[in-house]
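# Structural characterization, general
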Amino acid sequence: MLGLSFRSHPHSARLLSMFACAVVSTLTVMTVQAQDVIRFGAPLPLTGPLAPEALKQQQGYNLWAEQVNKAGGIKVGDKKMKVEIVYADYQSNTPRAVQTAERLITQDKVNFLFSPFGSGAAKAASTVSEKYGVPTIASTASSAAVYDQGYKYLFGTFTPNDTLTTPLVKIVKQKAPEVKRVAILARNDLFPLAIAQEMDKAAKQNGFDVVFFEKYAINTMDHSSALSQIKAKSPQWIFVTGYINDLILIKKQMDDQKMQAPVVTMIAGPAYKEFVTATGKTSENISSAAWWHPAERYQGQDIFGSTENYTKLFRDKYKAEPDYAQASASVSGALFQMAIEKAGSLDRNKVRDELAKMNVQTFYGPVKFGPNGQINSLKPPVFQIQNGQPVVVYPAAIKQGEFRLGVK
Amino acid sequence: MLILQILLNAIVLGSLYACIAVGFSLVWGVLNVINMMHGSFIVLGSYLAWGAYKALGIAPWTSLLIAAPVFFCIGYGIQRGVLNRVIAAPVLVTLTLTFGLDLILNNAMLVAFTADYRQLVLDPSLGSLSAGSLVVPIDRIVAMVFSLLLTLALFLVLRRSRIGRAIVAVRMDRDAARLMGVDVPSIYATAFGLGAAMAGCAGVLLAMIFPISPIASGSYLGKAFVVCVLGGLGSVPGAVVGGLFLAIVESFGSLVLGPENSVTLSFGLLIVFLIFRPQGLLGKRGFE
């Protein structure tokens, strides 16, 4: 019908050419815009069980992109280019993360890539970015196994898991030489268990006596039996890993059973404000470690300038405290920005080389990547809840208070 | 001493499990409806207790007086308005319907309260009772006592009251009950209302003990399932026995096999019972 009416209409040819002109000019505008924008691909588990983590990543990337665009964009040679983050959901399904990363590179034509969430997915997707030679920053992958493939294009902003446990062990050894008996209770899950195993190793190497090391299942509703067993061993250091709901419940049940110890460490709940709110006064003197904490005080050369400024910008935008996951996402963007500006081009190899030789101060801490691509300059802070506030007690350069003993 | 402490923990935990399961068991037993909303009702009850304590300083045990009628009305309304329309359909239809309603309710809670974990922290804390090295937290004892009282009250309602006898009659033979002049749709709604009220009250009591989040509803529902199968479907004493049995198995399983196996153990037990003793420990005796 349409073809017939065109043929029968005297002005059809002109109409058609006008339409064609319009289409061509729109396409031209789009290409011009595309040239002025640097596209970063972010495959994330936006739906499914990992969605809360993806949301944190997204907040971190968005905050960075917003700041960059507000400042006019990234300086590439003598012009400024805006930033666009292309999100793609892989539904918390790791095999799909790899396809999603590939699609972002081949179809969405992103210039650079952020890794999918966690060590497993980051490792899987790194093969794709290596194949296409796309510089990729993993902002949530800590396991050394991600970086042992000899890849050139993968970089990561989390130090290995033992960098969280080793400083803790050293501090306790130094501050409380009488503490010898350690009990470890770990959530039977990838990261919480890996951290507990590192703790077990570090404790034994430093002459501690690990009197209890057990795992609890995901979705455990009651820990009283495990805690009674720990209490019976009278440990001086209770080390528990899990996520926030587990740790709130375990702390409550520890109080119920009147369990006290000179040192109680929990990873990774106390980094979140909800933990302190939910446990109230009983969280006093609980120690923890994370890759970054808003209480740190770094002055950086990046777009955020300082930890304080980053925290303020984050609070203004999201009305909440940033934690290490969000900060790591933001710093990943800022590192790309610095590498691109230094390279003065969007050439992937040049940017990759700049990342590889990078040695800068950021709001997140000093950043320098090892030969395997994993950051090796960062000293993850140890902190302790004191008077209801997280206080950094290590490293010495940024510490805000002394490590205290006694958790009731 | 450790054994005694673990036994004590198990008895207290078992009463809480009974409280979680008894309303679920009633609805399943009488209406033949597997109420997938049960876990969300419990969480909603916890939010009610948390909100009442935080905003108005109302202690959780006082909140029971609010929760019971409120949840009864919610349950009664849902049964009358929605479920009664499909009650004669196969169990899969009502299961799917309550599953759908649960998705709505749970997501509404996620929007209203977010997935953040909250904790009702009593101030001053009730503390713990200790005798020698044995310790029992008082909030758990309070929850246990109220759980058992509520369960006993439900038992008496079903056994002694006219409406209770009608519920039991409908459960035993719906057609005969209808011939005797029992208003079946209204009895269904009452039974569902009672189930919801029990869930809401359980939530109020559990708010003192477990962190509160919409995400927790699945765990409560899972426990209710296991307890019902262990104790015997539709039986009030069965829920108590099933709850205690589950808690004892989990606690001592944790001691012997390690804490990581206690959840596996409880679901393994579920399978064993479904195969070898589907009527549960107390059999299918109903509410007589």
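Counting starts from 1 at the beginning of each chain's written sequence and moves along it residue by residue. Both sets of labels track the order of writing: A upward for chains, 1 upward for ligands. Selection of residues for local features in this predicted model requires a pLDDT of at least 70, selection of side-chain atom pairs for listing and counting requires 80 or more, and totals for whole chains, interfaces and linings are taken over all residues.

## Quick notes on the overall build of chain A
Filter applied, for reference: Secondary structure elements follow DSSP: runs of H or I of four or more residues count as helices, runs of E of two or more count as strands, with numbering from the N terminus. Once C-beta atoms are placed from the backbone, each residue is buried if 20 or more other C-beta atoms lie within 10 Å of its own, exposed if 12 or fewer, and partly exposed for counts between those two. Any two residues are considered in contact once their C-beta atoms, placed from the backbone, lie within 7 Å.
Each helix and strand counted, chain A has 13 helices and 15 strands in total. When the backbone C-alpha atoms are referred to their principal axes, chain A occupies close to 95 × 45 × 40 Å. Per-residue burial over chain A gives 49% buried out of 408 residues. Considering only residue pairs separated by 6 or more positions, chain A has 66% of its internal contacts joining residues 24 or more positions apart.

## Some details on helix α3 (residues 51–70) of chain A
Residue and element names in this part refer to chain A. Operational definition: The span you would expect from a helix comes to 1.5 Å times its residue count less one.
Along its 20 residues, α3 runs 28 Å from first to last C-alpha, staying within 8% of the 28 Å computed at 1.5 Å per residue. Those residues of α3 not exposed but buried are A54, K56, Q57, G60, Y61, L63, W64, Q67 and V68. Among the structural elements, β1 (37–44), β2 (74–76), β3 (79–89), β4 (112–114), α11 (307–318) and α12 (324–343) are those in contact with the buried residues of α3. The first or second residue beyond α3 is G72, which carries a positive phi of 100°.

## Quick notes on the interface of chain A and chain B
Defined as follows: Residues were grouped as follows: Ala, Val, Leu, Ile, Met, Phe, Trp, Tyr, Cys and Pro as nonpolar; Asp, Glu, Lys and Arg as charged; and all remaining residues, including Gly, as polar.
Across the boundary between the two partners, chain A contributes 27 residues, which contact 30 residues of chain B. Grouping the amino acids of the side of chain A that touches chain B by side-chain chemistry returns ten nonpolar, ten polar and seven charged.

## With respect to the confidence of the model for chain A
If pLDDT is low for a region, its predicted coordinates should not be looked at in detail. Residue and element names in this part refer to chain A. Rule in force here: pLDDT runs from 0 to 100 and stands for how confident the predictor is about each residue.
The share of residues in chain A with pLDDT of 70 or more is 91%, and the mean pLDDT across the chain is 87. For residues 1–13, every residue scores under 50 in pLDDT, and the model assigns this stretch two contacts once sequence neighbours within four places are set aside. Scored below 50 in pLDDT, residues 18–34 shows zero contacts in the model against residues more than four places distant or in partner chains.

## Focus: the nonpolar core
The test is simple: A set of buried Ala, Val, Leu, Ile, Met, Phe, Trp, Tyr and Cys residues, joined to one another through C-beta atoms within 7 Å, is what we call a nonpolar core. Start and end points for every domain follow an automatic or database-based domain assignment.
Core analysis: the biggest nonpolar cluster contains 213 residues, and B:I20, B:A21, B:A191, B:F192, B:C201 and B:V227 have the highest contact counts within it. Of all the elements, helix α1 (residues 2–31) of chain B adds the most residues to this core, at 17 residues. Per-domain counts for this core show at least three residues from each of domain 1 (38–159 + 295–368) and domain 2 (162–290 + 382–398) of chain A. When sequence neighbours within four positions are dropped, the list of residues in contact with B:F192 reads B:V27, B:L31, B:G75, B:Y76, B:I78, B:Q79 and B:L83.

## Thoughts on the pairing of strand β9 (residues 237–241) of chain A
Residue and element names in this part refer to chain A. Applicable threshold: One bridge is not enough; two strands pair if DSSP finds at least two bridges between them. By the criterion used throughout, a crossover qualifies as right-handed when its path from the first strand across the helix to the second strand runs clockwise, the strands pointing away from the viewer.
Along β9, five of the five residues are buried, which leaves the element largely enclosed by surrounding structure. Judged by which residues are buried, β9 turns out to be covered on both faces: W237, F239 and T241 on one side and I238 and V240 on the other are all buried. The sheet contact formed by strand β7 (residues 181–187) and β9 spans five bridges and is parallel. Note on β9: the bridge partner recorded for A183 is I238. Bridging between β9 and strand β10 (residues 263–267) involves five bridges; their strand directions are parallel. Residue I238 lies in a different strand from β10, and its bridge partner there is V264. Handedness of the crossover is the feature at issue here: the chain leaves β9, passes through helix α9 (residues 244–256), returns alongside β10, and the resulting connection is right-handed.

## Structural notes on the pairing of β10(A)
It is a general feature of regular strands that their side chains alternate between the two faces of the sheet. The buried fraction of β10(A) is high, at five of five residues. Of the two faces of β10(A), both are covered, the one formed by A:V263, A:T265 and A:I267 as well as the one formed by A:V264 and A:M266.

## Overview of the environment of A:P177
Residue placement: A:P177 occurs in the loop between α6 (162–175) and β7. Separated by 75 residues in sequence, A:P177 and A:K252 place their C-alpha atoms 28 Å apart.

## Description of the sheet that holds β3(A)
Residue and element names in this part refer to chain A. Put simply, the rule is: The axes used here are C-alpha line fits, helices contributing only the stretch in contact, and every angle between their N-to-C directions lies in the interval 0 to 180 degrees.
Strand order in the open sheet formed by six strands is β2-β3-β1-β4-β5-β6, and the pairing between neighbours is mixed. At either margin of the open sheet sits one strand with a lone partner, and together these are β2 and β6 (154–156). For this sheet, the mean inter-axis angle between neighbouring strands, taken without regard to orientation, is 30°. By the bridge criterion, eight bridges tie β1 to β3 in an arrangement that is parallel. In the strand pairing of β3, G41 is matched with V86.

## Overview of unusual backbone geometry
Here the amide bond leading from A:Y394 into A:P395 is cis, since omega sits at 0°, within 30 degrees of zero. By secondary structure assignment, the location of A:P395 is in the segment after β15 (389–394). A cis amide bond, omega 0°, links B:D123 with the succeeding residue B:P124. Looking at the element boundaries, B:P124 is found in the loop between α4 (91–113) and β1 (128–131). A positive phi angle, close to 55°, is found at A:K109, a residue other than glycine. With respect to the helices and strands, A:K109 occurs in the loop between α4 (94–106) and β4. The class of A:K109 is exposed, set by 11 C-beta atoms lying within 10 Å. Despite not being glycine, A:S234 shows a phi value in the positive range, around 35°. By the secondary structure assignment, A:S234 is in the loop between α8 (224–232) and β9.

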